[in-house]
Amino acid sequence: MSDALIATALRKTYGSAVALDGVDLRVGAGELVGLLGPNGAGKSTLTKIACGLVRPTAGRVEVLGQPCGSPQARARTGYLAELFRFPGWATADEVLVLHQRLARSGGGAAERARLLGLVELASASGRRVEAMSKGMQQRLGIAQALVGDPGIVLLDEPTSALDPAGRRTVRELLEALRARGVAVLLNSHLLSEIELVCDRVVIVDGGRTIAEGAPSDLVKAGGVEIETGSGHRRFAHAGREDIPELIARLVGEGERIYGARVVAGSLEDAYLDLVGSAGG
Ligand SMILES: Nc1ncnc2c1ncn2[C@@H]1O[C@H](COP(=O)(O)OP(=O)(O)OP(=O)(O)O)[C@@H](O)[C@H]1O
Ligand SMILES: [Mg+2]
């Protein structure tokens, strides 16, 4: 299958500020890719270039085989902006009607009902945006991004306002999109969620790609934790095979042992190792 998105040597400067400094990125058809990085890393800039809202300074992006920003690429791209606001007076259904018109979707009421159902807003179709919670508005935003059956969906922090149930709903929705061959580029700071759902992650920092791979390839083992009479002791560099030796040593030192476990590493640990804890 061909790639859904290919960014090559992508560069964007705003005056003297460099937002993207030569990023290469690929999203396969039906692939769910997480774009990670500290505040100001260039994630939203890349997403906006991909959907044609921002012009790159250099480099190129192809979306579903077409230059980004071209009518053909736009017609097949779904987008949820990081900071969006729908008119307060519009109902959920009216917001989708508007976006159906913008996307030239002929899906009608059936498409709107299906999308509102997907984000669990079926009973809120007549509710005005101003009477919705932040999380409901964000779910409406996700439904909006799916109007017109896009081949690729670019979601800029789509779950930042969602409660745990809402996040699970969106996770299941993303998995269903992947199963249908829709590519997703997802920009998020919620690393535990990214780790659960993404096939691959790309970490950018200072406008450059600093790491990429499947979450399981980036995550390192988290060491061994032993519960002793004087508290939990963490041995960051130890593995399962070191446990008998560690216990023997601790017992030799007069400790009483109540438990031992291998600690699974997390994407968050791997990310913080790569990026450092003080992102700019
Ligand atoms: N319109 C603009 N004019 C000037 N500078 C901009 C503009 N948009 C973004 N930048 C700068 O480009 C850099 C990248 O910003 P971007 O919004 O892409 O980061 P991000 O990775 O999405 O960050 P966050 O995690 O905070 O959303 C930042 O230094 C930002 O200040
Ligand atoms: Mg951003």
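Residues numbered from 1 in each chain as written. Chains lettered and ligands numbered in written order. Predicted model: local features only at pLDDT ≥ 70, side-chain atom pairs only at ≥ 80, totals over all residues.

## Description of helix α1 (residues 43–50)
Here comes step 1: Extensive coverage of α1 is indicated by the burial of seven of its eight residues.
Here comes step 2: Turning to α1, its buried residues are Lys43, Thr45, Leu46, Thr47, Lys48, Ile49 and Ala50.
Here comes step 3: One or two residues past the end of α1 sits Gly52, with phi positive at roughly 90 degrees. (Buried ≥ 20, exposed ≤ 12 C-beta atoms within 10 Å, placed from the backbone. Helix = DSSP H or I, 4+ residues; strand = E, 2+ residues; numbered from the N terminus.)

## Concerning the pairing of strand β2 (residues 17–28)
Here comes step 1: Direction of pairing for strand β1 (residues 3–14) relative to β2: antiparallel, over a ladder of nine bridges. Bridge assignment links Ala7 to a residue of β2, and that residue is Leu25.
Here comes step 2: Two successive antiparallel strands, β1 and β2, enclose a turn made up of two residues, where Gly15 displays a positive phi of approximately 60 degrees. (Pairing = 2+ DSSP bridges.)

## A word on the packing of helix α3 (residues 92–102) against helix α4 (residues 108–118)
Here comes step 1: Interaxial distance between α3 and α4 falls to 10 Å at its minimum, and their mutual angle equals 120 degrees. As far as their axial angle goes, α4 and α3 are oblique. α3 and α4 meet at a crossing whose hand is right-handed. When α3 is examined against α4, the residues Ala92, Asp93, Leu96 and Gln100 are found in contact with a partner set consisting of Glu111, Arg112, Leu115 and Leu116.
Here comes step 2: Counted by class, the contact of α3 with α4 contains four nonpolar, one polar and three charged residues. (Axes fitted to C-alpha atoms, helices over the stretch in contact; angles between N-to-C directions. Parallel < 35°, antiparallel > 145°, perpendicular 65-115°, else oblique. Left-handed = near helix turned anticlockwise from the far one by under 90°. Contact = placed C-beta atoms within 7 Å. Nonpolar A, V, L, I, M, F, W, Y, C, P; charged D, E, K, R; others polar.)

## Focus on the sheet that holds strand β9 (residues 200–205)
Here comes step 1: The strand order β6-β7-β8-β3-β9-β10 describes an open sheet built from six strands, whose pairing is mixed. What marks the edges here is a single partner per strand, and that holds for β6 (77–80) and β10 (208–213). Between one strand axis and the next, the sheet turns by 15 degrees as a mean value, whatever way the strands run.
Here comes step 2: Pairing geometry for β9 and β10, over five bridges, is antiparallel. Bridge pairing in β10 places Asp205 opposite Arg208.
Here comes step 3: Contacting β6 and β7 (152–156), helix α5 (residues 134–145) runs over the sheet at an angle of about 165 degrees to β6.
Here comes step 4: Lying over the sheet, helix α10 (residues 267–275) contacts β3 (32–36), β9 and β10, oriented at roughly 30 degrees with respect to β9.

## Observations regarding the domain arrangement of the protein
Here comes step 1: Examined at the domain level, the protein breaks down into domain 1 (3–218) and domain 2 (224–264).
Here comes step 2: A separation of 44 Å is found between the C-alpha centroids of domain 1 and domain 2. (Domains from an automatic or database assignment.)

## Observations concerning the site of ligand 1
Here comes step 1: Surrounding ligand 1, one finds Tyr14, Ala17, Ala19, Gly37, Asn39, Gly40, Ala41, Gly42, Lys43, Ser44, Thr45 and Glu82.
Here comes step 2: Per-element accounting of the shell around ligand 1 gives the leading share, three residues, to α1.
Here comes step 3: Split by residue class, the shell around ligand 1 holds four nonpolar, six polar and two charged. (Near = placed C-beta within 6 Å.)

## Structural notes on unusual backbone geometry
Here comes step 1: Unlike most non-glycine residues, Glu120 shows phi in positive territory, near 55 degrees.
Here comes step 2: Counting through the fold element by element, Glu120 comes out in the loop between α4 and α5.
Here comes step 3: Exposure remark for Glu120: the 16 C-beta atoms within 10 Å place this residue in the partly exposed category.
Here comes step 4: A positive phi is found at Asp149, a non-glycine position, where the angle reads about 50 degrees.
Here comes step 5: Considering the arrangement of structural elements, one finds Asp149 in the loop between α5 and β7.

## Some words on α4
Here comes step 1: Where α4 is concerned, the buried positions are Arg112, Leu115 and Leu116. Within α4, the buried residues cover an arc of 100 degrees as seen down the axis, which keeps them to one side.
Here comes step 2: Elements in contact with the buried residues of α4: α3 and α5.
Here comes step 3: Where α4 ends, the next residue or the one after it, Glu120, has phi of about 55 degrees, a positive value. (Arc of directions from axis to C-beta.)

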